[in-house]
Amino acid sequence: ASQLLFKNPNEPPLVFSWFPVVGSTITYGMDPPRFFRENRAKYGDIFTFILLGKKTTVYVGCQGNDFILNGKAKDVCAEDIYTVLTTPVFGKDVVYDCPNSKLMEQKKFMKIALTTQAFQSYVPIIADEVSSYFKKSADFKGKSGIVNIPPKMAQITIFTASHSLQGKEIRHKFDETLADLYHDLDMGFNPVNFMLHWAPLPWNNRRDHAQRTIAKIYMDTIKERRAAGKSDAQDMMWHLMGSTYKNGTPVPDHEIAHMMIALLMAGQHSSSSTSSWIMLWLAARPDIMEDLYREQVENLGADLPPLQYEDLAKLPLNQAIIKETLRLHAPIHSIMRAVKQPMPVPGTKYVIPPSHVLLSAGGVTATDPTFFPDPDTWEPHRWDKDSPIAPRMVVKNEDEEEKIDYGYGLVSKGAASPYLPFGAGRHRCIGEQFANVQLQTITAMVVREFKFRNVDGSNKVIGTDYASLFSRPLEPANIHWEKRNA
Ligand code: HEM
């Protein structure tokens, strides 16, 4: 406790709180972006607060993003923080349940599988899943109606991701048992599990049962595929079945299964929340939804032929929708790292001691007027070339990805960017391109099918739910839909 009370001049300012152990846990947890903004105004870019008894040092701004996300493996560590939560959910020997060098190899396998050829095969799969979803769903019967959109987008996300990345056998199992099993598994991602991950609570028992059952489904599918000898699918599972670690060991089946779980879980929350925000903004801005429809008619042809991967590049506004939505609603608002040895902060008197956790909040720079004029307005046209509110800084994203070698030690140069919804450095997202392809395809297909508006006709969207690990819209988040060719 004395450590919490006496101030070391080389440590950043401590956010005041009346409660010694709880500290600022509640004010942070209720609205993290507001907590960051208010304390940045009071203390500057670096400050410390107490999160569940732990000194947690936030460093925002471009230099802060770089300091934390581009940190060296000897200084900062993600697995110390995340493994209690992720290992029971994903399973053993993958992601944070192995040395970082092994994760780097696993990420490289997954990244290599995401070729242009793979994306070319994914777009028609995703487009078909979206149209058949709307054809079959009871909530979209008739000419118009009102629907709470996030649960629908969650289903569309998991159907499209499982079909494209894991193949049609796995996709079919979502119509049977997999949907419920993944739902149980998901309960392991409850933030209280940072403390109670080990407890024999009912939801943890269901989590463990679901993990074992899902892993077995994947391992059985792998065996069937091996027995059949060949697959024409471009999916990730098939690629991993042919991958070998640098030490010569082929990736074992249980690791492939666990990587499949990790991949689906990592993509599910972030993409599903993002697609819900997109739909909510389209309902708030029907004018933009019409711009998007016109863009497709003008650039792809009035008959709107079946969507192909190459078409996505011809739809800049459709692309900007994703960028702008992630700017305001990055689903991962806080990225944490354990500090392994004292870390001097360049240009300051501060040294961050190993007892601290570092917290990076890229959303702060993404909503900073220095870089994004009129920052709180959702305006996809800001990404147009000659927009008066265009971002005031070269924003690196997809291209920069190419510069990263997922070998040991090499990290991103772009970590000092104000716009990092996919993170940076050794833990940077490998799913960025997939998420873009998936979200652009879903958006384009929805725009073909529907006109949305808010139920009350306003231009506002609902607030954010920060209670789970990934932020998402509060529910119910109802929108009014109308079929375009009704
Ligand atoms: C890592 C965001 C979709 C797989 C990350 C990180 C962020 C992020 C911020 C860095 C986490 C950290 O530094 O601790 C997003 C967003 C997505 C998305 C905003 C969608 C809109 C996906 C998808 C996949 C995926 C679709 C899989 C196909 C991964 C993996 C990592 C990662 C494997 C690496 C974790 C690590 O190295 O520690 N993502 N992601 N993500 N993401 Fe994504």
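Residues numbered from 1 in each chain as written. Predicted model: local features only at pLDDT ≥ 70, side-chain atom pairs only at ≥ 80, totals over all residues. Heavy atoms only, no water.

Along the chain, the position of Asn 459 falls in the loop between β9 (450-453) and β10 (464-465). Along the primary structure Asn 459 and Glu 432 are separated by 27 residues, whereas in three dimensions their C-alpha atoms are 29 Å apart. Asn 459 has contacts with Trp 281, Ala 284 and Asn 454, leaving out every residue within four places of it along the chain. Within the structure, Asn 459 has its side chain in polar contact with the backbone oxygen of Ala 284 (distance 2.7 Å). (Helix = DSSP H or I, 4+ residues; strand = E, 2+ residues; numbered from the N terminus. Contact = heavy atoms within 4.5 Å. Polar contact = N/O pair within 3.5 Å; in protein donor to acceptor, adjacent residues only side chain to side chain.)

Here the protein shows a mean pLDDT of 92. Residues at 70 or above account for 94%. Within the model, the stretch residues 397-411 combines pLDDT values under 50 with 36 contacts to residues more than four positions away or in other chains. We note a pTM of 0.94 for the whole complex and an ipTM of 0.99 for its interfaces. (pLDDT = per-residue confidence, 0-100.)

Moving on to the packing of aromatic side chains. Going through the model one piece at a time under the given rule, you end up with 28 aromatic pairs. Site record: aromatic cluster; members linked through ring pairs are Tyr 133, Phe 134, Phe 140, Phe 159, Phe 450, Phe 452 and Trp 481. Directly above the ring of Phe 159 sits Arg 171, whose terminal nitrogen or CZ lies 3.9 Å from the centroid. (Phe/Tyr/Trp six-rings, centres within 6.5 Å; stacked < 30°, edge-to-face > 60°. Lys NZ or Arg CZ within 6 Å of the ring centre and 35° of its normal.)

Protein coordination of the iron atom of the ligand rests on one atom only, Cys 429 (SG), at 2.3 Å. Its location among the elements puts Cys 429 in the loop between α19 (398-403) and α20 (432-449). (Donors = N, O, S within 2.8 Å, 3.2 Å for Na, K, Ca; no water.)

Moving on, we get to the packing of helix α14 (residues 253-284) against helix α17 (residues 316-329). The description of two helices packed together rests on the angle between their axes and the distance between the axes. Remark: α14 packs on α17, axes separated minimally by 10 Å, with the N-to-C direction vectors making an angle of 105 degrees. The angle between α14 and α17 places the two elements in the roughly perpendicular class. Contact with α14, carried on its side by Thr 274, Trp 277, Ile 278, Trp 281 and Leu 282, involves Ile 321, Ile 322, Thr 325, Leu 326 and His 329 of α17 and no other residues of that element. (Axes fitted to C-alpha atoms, helices over the stretch in contact; angles between N-to-C directions. Parallel < 35°, antiparallel > 145°, perpendicular 65-115°, else oblique.)

Okay, the nonpolar core next. Of all hydrophobic cores here, the largest spans 124 residues; its most connected members are Tyr 182, Tyr 218, Leu 282 and Phe 452. Here this core takes 17 residues from α14, the largest share from any one element. Other than its neighbours up to four places away in sequence, Tyr 182 contacts Phe 174, Ile 214, Tyr 218, Met 260, Ile 261, Leu 264 and Met 265. Core analysis: the second largest hydrophobic core is formed by 11 residues, Ile 46, Tyr 59, Ile 68 and Val 345 among them. (Core = buried A, V, L, I, M, F, W, Y, C linked by side-chain atoms within 4.5 Å. Buried < 20%, exposed > 50% of the residue type's maximum accessible area, 1.4 Å probe, protein only.)

To continue, consider α20. The terminal C-alpha atoms of α20 lie 26 Å apart, and with 18 residues this matches the ideal 26 Å at 1.5 Å per residue to within 8%. Counted residue by residue, α20 has 16 buried out of 18 residues, so it is predominantly covered. (Expected span 1.5 Å × (residues − 1).)

Next up on the list: the packing of helix α15 (residues 286-300) against α20. Orientation of α15 relative to α20, taken along the N-to-C sense of each, is 100 degrees, at an axis distance of 9 Å. Regarding the angle of α15 to α20, the classification is roughly perpendicular. Contact residues: α15 offers Met 289, Leu 292, Tyr 293, Gln 296 and Leu 300, while α20 offers Thr 443, Ala 444, Val 446, Val 447 and Arg 448. Its residues assigned to classes, the contact of α15 with α20 comprises 7 nonpolar, 2 polar and 1 charged. (Nonpolar A, V, L, I, M, F, W, Y, C, P; charged D, E, K, R; others polar.)

Another aspect to go through is the pattern of salt bridges. Scanning all chains against the criterion turns up 25 salt bridges. Between Arg 225 and Asp 235 there is a salt bridge whose closest N-O contact spans 2.8 Å. Pair noted here: Arg 225 is in helix α12 (residues 202-228) and Asp 235 is in the loop between α12 and α13 (236-241), with a separation of 10 residues, a long-range link. This pair shows no difference in class: Arg 225 is buried, exactly as Asp 235 is. Residues joined by salt bridges that share partners form a network here, namely Arg 40, Asp 45 and Asp 368. (Salt bridge = Lys/Arg side-chain N within 4 Å of Asp/Glu carboxyl O.)

Let's shift gears to helix α10 (residues 178-186). By the burial criterion, the buried members of α10 are Leu 178, Leu 181, Tyr 182, Asp 184 and Leu 185. Along the axis of α10, the buried positions cluster into a sector of 160 degrees, meaning they face one direction only. Away from its buried face by more than 90 degrees, α10 exposes Asp 180 and His 183. (Arc of directions from axis to C-beta.)

Before going further, it helps to spend a moment on the environment of Thr 377. Relative to the helices and strands, Thr 377 resides in the loop between α18 (363-366) and α19. Residues Thr 377 and Thr 367 lie 10 residues apart in sequence; the distance between their C-alpha atoms is 9.4 Å. In this structure Thr 377 touches Glu 324, Arg 327, Leu 328 and Arg 382, once residues within four positions along its chain are discounted. Among the polar contacts listed, one links the side chain of Thr 377 to the side chain of Asp 374, at a separation of 2.8 Å.

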